[in-house]
Every structure is written in structure tokens, then in C-alpha cells.
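# Breakdown of the fold
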Amino acid sequence: MSTRIRVRDGRIEVSTAREDSVRSDALVEHVPLRTALVEAAGAQLTWDVTAPAPLPDTDVHDALAASAWLADVYGATVADAVFRGVDVEIALDAFGDPTIVDAVRALGHLNWARAWWPASSGIPALDPAIVAAEVAVTSHLLTHLLDDEDAVEHAMTDAHDAPAALAALPPALAADAAELAAVLDALAEDHGVAWAPTTPADVRSEWALAAGGERRASSADGVVIAQGTAPVRWSDVPTQTVDAAAEARWTLLQGTDTPFLQVEVPAVRGVLSTPELHAAFGPPALDVDVVLRRADSVFVGETVVPASALFLTPGARTLRVHDPLMVSPEVPEAAESARDRAQVLAFATTRLTAPDASLAERAAGARA
């Protein structure tokens, strides 16, 4: 294996590759939904979670700040070359500190799971409190490396429900849950975080129940003019809200007095959080916006549409489901590729029983 260091436009790229891999002069780029990310002091560490290289790729924007940890990940030779800003390729016989490298791997994977975990049929959602708890514990091992000096405190705040979530895990995971809870208690004391008392009744229903049922019938009847489906861009909606493997369905109808549009999107089962989503239909000039609210196992909504909607060409009958707090519907982007989605779904399935799976992943696997 070798490490390539490129200096370009005032930034330094550090990437690792096997000796027989194809080399390119282009800067390293990763597909977002497959990318693990760690925000380090003076740099970003990234890699493809579905096909990780031996070491992360690193984009260094502040060599001085990064010098505090580069040797721990890549070794002293690479750290020195980065600090001097030389454009070289170095053959590595050894990495940096294996404990630090493993912790970076674990944190990046947890960050990926928090942003992109594709909950769907057969892939249960991850409990965000347990993920946050594991982020806090792992961040504690990397305090000298992380860009956020308060990363542990922030993760602990996100993990406020962790004591109850850990107490509710099945007996097979009880020992690991108790171990994580003990570490969290110590971190809470060190960082001044107050935990709510945990009791057996403190079980969060959204992880104990499976949402079910069918879509409620519409209050309006009409003649179906057109129907269709559309992929939901994963980056347009909060993770673990919409079924990652399903598509949105729309139906255009002519009612007694006016045409209207119905939209439904399969929701992630077992998670009862109910963010309000929106669906934009047709070209922007049509100004059709459907508010989607959780109704059992789907997000549903309907709205009256202009008569001109009935005469849209098939290519103009587009639908974009999104969270308006995350993205603007006026900036349409194509959905992630089917190949990338399938690769991530397959990867997540393997994580439920992987030997190195996080506790949150193993807990999801126990519910699968």
C-alpha cells in the first residue's frame, strides 16, 4: 500500500491506495450517501463505507492544526511530508496508532449511520440515542483529533434518552448495554451532563412498537386521470423517516368540482416521529405543494390543483418529496442512482450481524 500526497490550490490531499489500483490526478471524490466523514482539526477524513480503503482519505486545509494528529493516523513520515507541503507518493509499511485508526473508523461509520442509515423493510431503524451515545464514547477517544472541542458534550446532549434505550435492549445485548451505560455515566459526570433517572417503565414506545395499518381513505372521490411513482431523494428528507427502498406514489384525479392530487410515501416502520414533509408536483410555475403527514405506515396528503395539471405531458408529471427545512423545492436534483442505493441497502443489511457492528446496529438486528 502507498500514500499519495497532493498539494493543490493551497490544500493538501492525502489518499491511500493499493499498489495495483488505478491512479488519477483528480482530487478524491466520494458519493455522499456512501461516505463516512470525520471533521478533524484542520482536515476532513472521508472514505466509502461500502468499500473502505486501509486508511481514510484526507483533505487538509490547515496543515499546522492537522499536525497534532496526522502521525497517529498515517505515521510520522506522512505527517512530516504533509507539514512540508510536498507532492509525493510514499510506500507505507505501517500505519499510525492502531487504536486511533480504529476509533476514527468507528466514528466515521457512526456519523454515516446517523446521516444515511437506509431504514426499510428488513432493515430496522437505528435508535438515535444509542448512536449518539456511541458517538460520545468514541469522540472521547479522539478529543485531540476532532475539530469540535465540545464534540463529546454535544453527543451526550443528543444521547439524553440513551439510559432508557439501553435499559430496554434484549437480554442478549444486556452486558454490552450495561458496559456502554457505565461509560456514559462516567462521561456524564466528567462533562456535567445530567441524566434523567431510568426505570423499567422508561421504554421509548417508538422503538417498542411497530407502526402498521393502512392508508385512510380520502374524503374526496374522483376519476383517476393519471398515476405514477417517483424516487425520494435520500438527502431531501430526514434519515429514518421515509422507507429508503420505496418510492412515492401520486394520483391525479378529477373531482366533482375540481381536480386534485393525492400523494403517499411509505414511512419507516417502528419509528413514530412525525416530521411534516412536502411534495412538489409538476413544473415550478404550476405551484403545487402537497403537505404530507404521518398516517400509520405512510405519509399522506392531498391538495386541489389547477386544471392545467390535467394536461401536463408525462415528462412534466414530476414529484419531489422533501423536508422544506432541509432543501428548497426550487432546486431540483436527480435522485441518487439506483446502483448506489442498492449498494447501501445491501451494506446496511450486512451490518445487522457484522462482527464489528455497533451496538445500535446489533440492536436493530435483534428487531429484524
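Our subject is the structure listed above.
Now for a look at the structure at hand. Quantities reported herein were computed from a predicted structural model and do not represent experimental measurements.

Definitions and limits used
Residues numbered from 1 in each chain as written. Predicted model: local features only at pLDDT ≥ 70, side-chain atom pairs only at ≥ 80, totals over all residues. Heavy atoms only, no water. Helix = DSSP H or I, 4+ residues; strand = E, 2+ residues; numbered from the N terminus. Contact = heavy atoms within 4.5 Å. Areas by Shrake-Rupley, 256 points an atom, 1.4 Å probe, with all protein chains shown as cover. Core = buried A, V, L, I, M, F, W, Y, C linked by side-chain atoms within 4.5 Å. Buried < 20%, exposed > 50% of the residue type's maximum accessible area, 1.4 Å probe, protein only. Axes fitted to C-alpha atoms, helices over the stretch in contact; angles between N-to-C directions. Parallel < 35°, antiparallel > 145°, perpendicular 65-115°, else oblique. Left-handed = near helix turned anticlockwise from the far one by under 90°. Nonpolar A, V, L, I, M, F, W, Y, C, P; charged D, E, K, R; others polar. Phe/Tyr/Trp six-rings, centres within 6.5 Å; stacked < 30°, edge-to-face > 60°. Expected span 1.5 Å × (residues − 1). Arc of directions from axis to C-beta.

What follows deals with the overall build of the protein chain. Broken down by element type, the protein chain carries 11 helices and 13 strands. Partitioning the contacts of the protein chain with sequence separation of at least 6, the portion at a separation of at least 24 is 67%. Working note: accessible area of the protein chain is about 17,800 Å², and carbon and sulfur atoms make up 54% of it.

All right, on to the nonpolar core then. The biggest cluster of nonpolar side chains holds 78 residues, and the ones touching the most others in it are Trp 69, Val 73, Val 104, Trp 112, Trp 117 and Leu 145. In terms of residue count, the dominant contributor to this core is helix H4 (residues 98–116) (nine residues). In terms of nonpolar packing, the next biggest core, distinct from the first, is built from 26 residues, Ala 226, Ala 248, Leu 261 and Ala 309 among them.

Quick look at the packing of helix H5 (residues 128–140) against helix H6 (residues 151–158) now. Each pair of packed helices can be summarised by the angle the axes make with each other and by the distance between the axes. Put simply, H5 and H6 touch, their axes get as near as 8 Å, and they point 160 degrees apart. Judged by the inter-axis angle, H5 sits roughly antiparallel to H6. Like other packed secondary-structure pairs, H5 and H6 cross with a definite hand, here left-handed. For the pair H5 and H6, contact is made by Ala 129, Ala 132, Val 135, Ala 136, Ser 139 and His 140 and by Ala 151, Val 152, Ala 155, Met 156 and Asp 158, respectively. Looking at the contact of H5 with H6, its residues break down into eight nonpolar, two polar and one charged.

With that settled, the discussion passes to the packing of aromatic side chains. The geometry of an aromatic ring pair is captured by the separation of the ring centres together with the interplanar angle, meaning the angle of the planes. Under the definition given, this model contains three aromatic pairs. Taking 5.4 Å as the distance between ring centres and 70 degrees as the angle between the ring planes, the aromatic pair formed by Trp 112 and Phe 347 counts as edge-to-face. Of the two residues, Trp 112 is situated in helix H4 and Phe 347 in helix H10 (residues 338–351); the sequence distance between them amounts to 235 residues. Taken as a pair, Trp 112 and Phe 347 share a single burial class, namely buried.

A separate point is H10. In this model H10 runs 20 Å from its N-terminal to its C-terminal C-alpha over 14 residues, within 8% of the 20 Å that 1.5 Å per residue would give. When H10 is considered as a whole, its buried residues turn out to be Asp 340, Arg 341, Val 344, Leu 345, Phe 347, Ala 348 and Arg 351. All buried residues of H10 fall inside an arc of 165 degrees around its axis, so they share one side. Summarising the geometry of H10, the exposed residues directed more than 90 degrees from the buried face are Ala 338 and Arg 339. For H10, the elements touching its buried residues are H4, strand E7 (223–231) and helix H11 (359–367).

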